[in-house]
Amino acid sequence: MATFLASCVVAGIPLLFATIGELLTEKAGNLNLGVEGMMLMGAALGFITAYNTSNPGLTLLAAVLAGAGGALIYAIVTVTLRANNVVTGLTLTIFGTGFSKFIGQPYLGSSVPAEVSAFFARRAIPVLGDIPFIGPIFFRQDLFTYFAYIVCILSAVYLYKTQMGLNLKAVGENTAAADASGINITLYKYIHIIVGGALCGLGGAYLSIVRIPIWQEDVVNGRGWIAVALVIFVAWNPIKAFFGSILFGGLSILGMKLQVLGLDFSQYLFDMIPYVATIIIVVFATHKKSREAQGPGDLGNNYFREER
Amino acid sequence: MHNLIKITKRADMKRSQEAIIYTVAILLSIVCAGLVLLVLGLDPVNIFRSIVEGALGTEMRIQQTLTKAIPLLITSLGIIVAFKMNFWNIGAEGQITMGAFGAALVALHVPETMPLPLVLLMMFVTAVICGAVWAFIPAIFKAKLGTNETIFTLMMNYVAIKFVTYLQYGPWIDPNGSGFPRIAQFNSNCILPKLFGVNVGWIFALVCVVFVYFFMNHTKKGYEITVVGQSVETARYAGMNISRIIIIAMLISGGLCGTVGMIQASAVEKTLVAGIANGYGFTAIITAWLSKLNPIICAFVCLAFAALLQGGTYIQISLGVSSAVAGVVQGLILFFVLGSEFFIRYKLSFGHKKEVA
């Protein structure tokens, strides 16, 4: 059981990075449907850097820059040039998918160098790793995973316990009011969209470096869309995102695990659950008219001061 | 606040000025794509020339381009109907997939001896129904509860794709496929015939252009859809039945996408595969947007994008450059066009005017 839950954590980590990234973006009032594209860009550039430099630090940096770069394009087009959020995000996905396939083509079938793999091998955290049950699940993982925990905790503290986090909430909730109260809307949007993109890039790199360390096209395989779903599923809450990611990550491997046990369940039916669950949540959120579950009030609306 | 650049909303711009801005944007995007290729150590001129050659160089390549334009155009038309209503149907990918499922449902179960026109008609009808049902589900929730259709339609895509994957690997697996996870090929009485070397879907696509154009501009329902898109309040004040309009528009939108599934399954793949929609559902959002939701302009935009896709396939074979270059160029074109629209909607004036808040 503990082994299975540990695999759920591994499957959930890329989702966690991307979900927190999209969550920050949406808190700033922007719906970025380019998650899949940014993850692929991070996966490709991360892999290529790992392959050519064998340096784990540069690998992470490349993944961050790739995701942030994609997000920067999105931010310029939607925030400064006020283009439609949905269309721009989808374009980013098409662009990022093409870009990753294109630059990754010479590396098809290549493996992550041993130095990088060794750096991201599993290491138990002293003391924490020895806690019965919990230890083997959460604290005998790789450094990348521990970093995800830190990102998750930091973003929760940031959103709920700092002035900037509160301001951010105001920007997404009611942009005009936030602007009137003197918050620099443009700066907030840019920062959070870019940081969000960087996290998506890291999520992608986790897949291409740790999870599936041989380069293949479309290594992200729809996980970006699951992250978009997860943000709604966890009601824009980073702590819930942690458990949600592990849950959806677990669903993505459940069918195969059951087959190993001799139970004949199709993985593809389990794969539907995250999407169906998200649909149900979206429907309930509108039915109950609950503010919490509907997300930021100004999500996806462009803001133009003169139209206030 | 002391602003050096002042942004104000612009009144309607002249058509010619708009055209200039769009042309500049597209040229810039191509220059930008060229720079990306250059940075990656490739020869952009050679690649662009090969893309054009690969798309239009020979009769067969033109036929390939047209074959790719068919699904793109019909899907875009379906999306146009929904977008006109300001309904974000980004579920075309799933509606295509379900349409293909509907077509396969007929194709895999009719006897080999049944006459071709009858089989194709049945496939067509079930494809339309399946695509329309897939669009109806988010539409009814939008109409009755106001549920956000963007996320709903997006999620429906993956439900459809995973469902077909399940069929392909499970109940519908070809017993003669020697264990390979695929669905059996359709019989010859399920395959769309060709005219001038391209499957007859192209005639249907042109009919759809005329239909959508006429429907949106010259019928009461089409007018109502446009009014709902511009202002739900106005529509309600005018006594329109908004729920009904939403549902009708989405049935048309999903139905059109469903036919794409039938065409692709019957004429291109000759069976049902999980990846049948092949990203057309997403690319069509771009082409619909680029054509400003005008069905006639859309036909030309789709031709250009299909040429880009076909050219991409060609350079993969001829130059060994990944066909994904088409996605990069498409993405760049839309980034620039989306960005350029800012200059159509807003006017920039330079100066030291103090803002009057």
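Conventions adopted
- Residues numbered from 1 in each chain as written.
- Chains lettered and ligands numbered in written order.
- Predicted model: local features only at pLDDT ≥ 70, side-chain atom pairs only at ≥ 80, totals over all residues.
- Heavy atoms only, no water.
- Helix = DSSP H or I, 4+ residues; strand = E, 2+ residues; numbered from the N terminus.
- Rg over C-alpha atoms; globule rule 2.2 N^0.38 Å.
- Buried < 20%, exposed > 50% of the residue type's maximum accessible area, 1.4 Å probe, protein only.
- Expected span 1.5 Å × (residues − 1).
- Contact = heavy atoms within 4.5 Å.
- Polar contact = N/O pair within 3.5 Å; in protein donor to acceptor, adjacent residues only side chain to side chain.
- Buried area = accessible area lost by both parts, 1.4 Å probe.
- Salt bridge = Lys/Arg side-chain N within 4 Å of Asp/Glu carboxyl O.
- Nonpolar A, V, L, I, M, F, W, Y, C, P; charged D, E, K, R; others polar.
- Phe/Tyr/Trp six-rings, centres within 6.5 Å; stacked < 30°, edge-to-face > 60°.
- Arc of directions from axis to C-beta.
- Core = buried A, V, L, I, M, F, W, Y, C linked by side-chain atoms within 4.5 Å.

Asks: Explain the overall build of chain A here, please?
Replies: The helix and strand inventory of chain A stands at 14 helices and zero strands. In chain A, the succession of helices and strands from N to C terminus is α-α-α-α-α-α-α-α-α-α-α-α-α-α. Taking 308 residues into account, the globule formula puts the C-alpha radius of gyration at 19 Å, and chain A, at 19 Å, falls close to it. Looking at chain A residue by residue over its 308 residues, the buried ones come to 59%.

Asks: Before we go on, may I ask you to explain helix H7 (residues 143-161) of chain A in this structure?
Replies: Because an α-helix completes one turn every 3.6 residues, residues spaced three or four positions apart along the sequence face the same direction. Residue and element names in this part refer to chain A. End to end, H7 covers 26 Å across 19 residues, agreeing with the expected 27 Å (1.5 Å per residue, within 8%). Restricting attention to buried positions, one finds in H7 the residues Phe144, Thr145, Tyr146, Ala148, Tyr149, Val151, Cys152, Ser155, Ala156, Tyr158 and Leu159. Residues of H7 that are buried make contact with helix H1 (2-27), helix H3 (56-80), helix H6 (134-138), helix H8 (163-173), helix H10 (185-211) and helix H12 (238-260). The backbone nitrogen of Phe144 lies 3.2 Å from a side-chain oxygen of the residue at the head of H7, namely Asp142.

Asks: Help me understand the interface of chain A and chain B, please; the structure alone is not making it clear to me.
Replies: The parts lose accessible area when they come together, and the size of an interface is often stated as this lost area. Counting residues at the interface gives 45 residues for chain A and 53 residues for chain B. In this assembly, chain A packs against chain B so that about 4400 Å² is buried in total across both faces, 79% of it on carbon and sulfur atoms. Scanning the region where chain A abuts chain B turns up one salt bridge. Linking Asp271(A) and Lys162(B) is a salt bridge whose minimum nitrogen-to-oxygen distance equals 3.7 Å. Taken together, chain A and chain B are joined by two residue pairs in polar contact (both at pLDDT 80 or more). Among the secondary structure elements, those contributing two or more residues to the side of chain A that touches chain B are H3, helix H4 (85-104), helix H11 (223-233) and helix H13 (267-288) of chain A. The biggest single contributor to the side of chain A that touches chain B is H4(A), with 13 residues. For the side of chain A that touches chain B, the residue count by class is 28 nonpolar, 10 polar and seven charged.

Asks: Even after reading the chapter, I still don't get the packing of aromatic side chains, so can you show me in this structure?
Replies: This structure, assessed with the given rule, holds 30 aromatic pairs over all chains. Aromatic pair Phe139(A) and Tyr149(A): ring centres 6.2 Å apart, planes at 85 degrees, arrangement edge-to-face. Here the residue Phe139(A) occupies a position in the loop between H6 and H7, and Tyr149(A) occupies one in helix H7, the gap between them amounting to 10 residues. Here Tyr149(A) falls in the buried class, since its relative accessible area comes to 10%. Considering the side-chain rings of Tyr268(A) and Tyr169(B), the 4.8 Å spacing of their centres and the 35 degrees angle between planes classify their relative orientation as tilted. Placement of Tyr268(A) in helix H13 and of Tyr169(B) in helix H6 (residues 149-169) is noted, with the two residues assigned to different chains. Residue Tyr268(A) is classed as partly exposed on the basis of its relative accessible area, which comes to 22%. Assessed through its relative accessible area of 41%, Tyr169(B) is described here as partly exposed. Among the aromatic residues, ring-to-ring pairing joins Phe17(A), Phe119(A), Phe120(A), Phe144(A), Phe147(A) and Tyr206(A) into one connected group.

Asks: So what exactly am I meant to see when it comes to helix H2 (residues 44-56) of chain B here?
Replies: All names here are of chain B. With 13 residues, H2 extends 18 Å between its outermost C-alpha atoms, agreeing within 8% with the 18 Å of an ideal straight helix rising 1.5 Å per residue. Regarding H2, the residues found buried are Pro44, Ile47, Ser50, Ile51, Gly54 and Ala55. All buried residues of H2 lie within an arc of 125 degrees about the axis, which places them on one face of the element. Each element contacted by the buried residues of H2 is listed here: helix H1 (15-39), helix H3 (59-84), helix H12 (295-318) and helix H13 (325-345).

Asks: I tried to follow the side chain of Asp174(B) on my own but got confused; where do I start?
Replies: Residue and element names in this part refer to chain B. Topologically, Asp174 is positioned in the loop between H6 and strand E2 (194-195). Reaching out from Asp174, the side chain makes a polar contact with the backbone nitrogen of Asn176 at a distance of 3.0 Å. If we ignore the near neighbours within four places in the chain, the residues touching Asp174 are Arg182, Ile183 and Ala184.

Asks: Looking at this structure, I do not really get the nonpolar core. What am I missing?
Replies: One broad trend across soluble globular proteins is that nonpolar side chains are buried collectively. Formed by 219 residues in total, the largest nonpolar core has its most connected members in Leu33(A), Trp225(A), Met123(B) and Leu154(B). Among the elements that make up this core, the one with the highest residue count is helix H10 (residues 242-269) of chain B (14 residues). In this structure, Leu33(A) is in contact with Val86(A), Gly89(A), Leu90(A), Thr93(A), Trp225(A), Val228(A), Ile90(B), Thr150(B) and Leu154(B), ignoring residues within four places of it in sequence.

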